[in-house]
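A closer look at the structure
What follows is each chain in one-letter form.
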Amino acid sequence: MENQLQIYNTLSRKKEVFEPLHPGKAGLYVCGPTVYSKAHLGHARPAVTYDLLFRYLKHIGYKVRYVRNITDVGHLVNDADEGEDKIAKRARLEELEPMEIVQIYTNDYHKNMQQLNVLPPSIEPRATGHIIEQIETVEKILAAGYAYESNGSVYFDVEKYAKDYPYGELSGRKIEDLQANTRQLDGQNEKRSSLDFAIWKKAAPEHIMRWPSKWGEGFPGWHVECTAMSCKYLGETFDIHGGGMDLTFPHHEAEIAQAKAANGKDAVRYWMHNNMITLNGQKMGKSLGNAISLDEFFSGEHALLEKAYSPMNIRFFMLTAHYRSTLDFSNEALQSAEKGMERLLKATETLEELEAQATSTVDVKGLKEKCYQAMNDDLNSPIAIAHLFDGVKMINSIADGKASISAEDLEELKSLYATFVFDLFGLKRPEQQSNSNSEAYEQAIDLLLQLRQDAKANKDWGTADKIRDELARLGFVVKDTKDGFSWELK
């Protein structure tokens, strides 16, 4: 490929040039949501991060198969091997079937992703739709000698695996330290070691979600679903696995071990992890009780929010920080991102109005090269955005007659901004975001301003000034032109 994309590989702890397993094709697997409640800001970060990767890989010429799962069984409370399934617990509390809960919150997640302009993945498998594949994976691991059955459950034998392979290589944990810092937990005496994790769990009598297996009725462990589904759709070895940094251990560490135990080889070539979103320095998450749902952000109906924030505001806020850096939420940060996004979108409109001159006094090719360099450097969207803001100064200078641009450069500049702002960063102009009432809304403003024009024609300056002042108070900037008027919302 012409563009040499470098990706930070969590496994090697360094940036590596992306070289796909199959030339011209890229396989990408990302851990999706556990659908037992509304999506929050923490869910938006991986969604936007890997949407950017998906868009960029396609842009530079790869045929991409993007698989993002839906976890609808097996994820127990506290991410442990004991306790209640998160979905079954919500179903019990709301007096619904578990699959009703799954459908409600899957639909809700999809709605939010569409609002954020996150492209749908190529395949979106559900854990409950792949019970057979998960059982087959468990059988392979048993046959290889890296698991054991105990009282109707099947556990992965971490210490046995660690004698043959490096367990903990992704997270940097050492098996000796893990052994020293673990203790036998109540209810886990059927395990040989507290390090071991369930790959098939016997269903207690009260457990709603259960399937038949040779070990008795049960359900798959949380970790095994991603191993089974990623290998089914991308092959036993594939290019990129993404997810949140909080999944590095134990979830992704378990995936590495399961795949190697089942298939005798590494499944993933590049591991990518986005960092967390924090609220006053603490991780934002449903289990911590400090999560603000995306619906609450979009409506502004939460005690911590000063106003409503549009989906594009949230998306741009995510892109202004590198995906591997912590992103701390505050109203000030969101409002700053909002102003920056408006400035960038305004420049794309100004760009469409520019007229070409005979020669250029601006360096469009240099700007383009810098933007691509940033993206090829581990998807450095904040640096690319900074370069685009340099380009905004260029656009405004041309519009003010302080610089000139040739016809060829003007087309290249238009193409650059269309590609980065809309195609790669996935932003939309306000009129594209708004609902079906936007046309009526615009017509209502035009009607008010036409009444102002009529008042001026009748020398009714009081009414004309009142309309202008009230619109200004609401955030509208009104300009009188030789043809009548123009307006925009600040």
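Residues numbered from 1 in each chain as written. Predicted model: local features only at pLDDT ≥ 70, side-chain atom pairs only at ≥ 80, totals over all residues. Heavy atoms only, no water.

Considerations on the overall build of the chain
When its secondary structure is counted, the chain shows 17 helices and 15 strands. Projected onto its principal axes, the C-alpha positions of the chain cover 90 × 50 × 35 Å. Counting only residues that meet the buried cut, the chain has 52% of its 490 residues in that class. The long-range fraction of contacts in the chain, counting pairs at least 24 apart against all pairs at least 6 apart in sequence, stands at 74%. With the model as given, the accessible surface of the chain reaches about 22,600 Å², and the carbon-plus-sulfur share is 48%. A gap of 2 Å separates the mean positions of the 58 positive and 73 negative side-chain charges of the chain. (Helix = DSSP H or I, 4+ residues; strand = E, 2+ residues; numbered from the N terminus. Buried < 20%, exposed > 50% of the residue type's maximum accessible area, 1.4 Å probe, protein only. Contact = heavy atoms within 4.5 Å. Areas by Shrake-Rupley, 256 points an atom, 1.4 Å probe, with all protein chains shown as cover. Lys, Arg positive; Asp, Glu negative; His and termini not counted. Charge placed at Lys NZ, Arg CZ, Asp CG, Glu CD.)

Notes on helix α2 (residues 86–94)
For α2, the full list of buried residues reads K86, I87, A88 and A91. Residues of α2 that are buried sit in contact with α3 (98–115). Taken from the residues just after α2, E95 is the one with a positive phi, measuring 55°.

Remarks on the side chain of E225
As for its position among the elements, E225 is in helix α7 (residues 222–234). No salt bridge is formed by the buried E225. Its closest oppositely charged neighbour is R126, at 10 Å. Of note is the side chain of E225, whose polar atom sits 2.9 Å from the side chain of N69. Leaving out residues up to four positions away in the same chain, E225 has contacts with N69, I70, T71, V73, A127 and Q134. (Salt bridge = Lys/Arg side-chain N within 4 Å of Asp/Glu carboxyl O. Polar contact = N/O pair within 3.5 Å; in protein donor to acceptor, adjacent residues only side chain to side chain.)

A closer look at the state of the cysteines
Cysteine pairs can be covalently joined through their sulfur atoms, and such a bond is termed a disulfide. What the rule picks out here adds up to zero disulfides. Its sulfur unpaired, C226 is 3.9 Å from the next cysteine sulfur, which belongs to C31. Taking relative accessible area as the criterion, C226 reaches 2% and is therefore assigned buried. No disulfide involves C231; its sulfur sits 11 Å from the nearest other cysteine sulfur, which is in C226. When its relative accessible area of 15% is taken as the criterion, C231 is described as buried. (Disulfide = S-S within 2.5 Å.)

A closer look at the sheet that holds strand β5 (residues 147–150)
With respect to topology, four strands assemble into an open sheet ordered β5-β6-β7-β8, the strand pairing being antiparallel. The open sheet is flanked by β5 and β8 (218–220), the only strands paired with a single partner. On average, each strand axis in the sheet is inclined to that of its neighbour by 20°, with strand direction left out of account. Where strand β6 (residues 153–156) lies against strand β7 (residues 197–202), three bridges are found, and the strand directions are antiparallel. Looking at the pairing, V154 lines up with W200 of β7. (Pairing = 2+ DSSP bridges. Axes fitted to C-alpha atoms, helices over the stretch in contact; angles between N-to-C directions.)

Some points on the packing of helix α1 (residues 41–59) against helix α12 (residues 364–376)
Where α1 contacts α12, the axes come no closer than 12 Å and their chain directions differ by 125°. As the angle between them shows, α1 and α12 are arranged oblique. When the axes of α1 and α12 are compared, the crossing they make is left-handed. Here L52, Y56 and H59 of α1 lie close against α12, whose contacting residues are Y372, M375 and N376. (Parallel < 35°, antiparallel > 145°, perpendicular 65-115°, else oblique. Left-handed = near helix turned anticlockwise from the far one by under 90°.)

What about the packing of helix α11 (residues 331–353) against helix α13 (residues 381–399)?
Two elements in contact, α11 and α13, have axes separated by 10 Å at closest approach and are oriented at 45°. The angle between α11 and α13 falls in the class oblique. When you trace α11 past α13, the crossing you get is left-handed. Taking contact as the criterion, the partners of G340, R343, L344, A347, T350 and L351 in α11 are, on α13, L388, F389, V392, K393, I395, N396 and A399.

What to know about the sheet that holds strand β4 (residues 63–68)
Pairing in this open sheet of four strands is parallel, and the strands run β4-β3-β9-β10 from one edge to the other. In this open sheet, the two edge strands, each paired with only one partner strand, are β4 and β10 (268–274). For this sheet the average axis-to-axis angle between neighbouring strands, irrespective of direction, equals 20°. Where strand β3 (residues 25–30) and strand β9 (residues 238–244) come together, three bridges link them in parallel fashion.

Details of the pairing of β6
Residues S153 and Y155 of β6 are buried on one face, and the alternating residues V154 and F156, pointing to the opposite face, are buried as well. Looking at chain direction, β5 and β6 are connected through four bridges and run antiparallel. Bridging across to β6, A147 finds its partner in F156.

Quick look at the nonpolar core
Core analysis: the largest hydrophobic core is formed by 84 residues, its most contacted members being F297, L413, Y417, F420 and F425. Per element, the largest residue contribution to this core is 10 residues, and it comes from α1. Structurally, this core is a two-domain feature, drawing no fewer than three residues from each of domain 1 (12–274) and domain 2 (279–423). Aside from chain neighbours lying at most four places away, what touches F297 is L41, I292, L305, A308, Y309, I314, F329 and L334. Counting 38 residues, the second largest nonpolar core, distinct from the first, contains V158, L170, W200 and M229. (Core = buried A, V, L, I, M, F, W, Y, C linked by side-chain atoms within 4.5 Å. Domains from an automatic or database assignment.)

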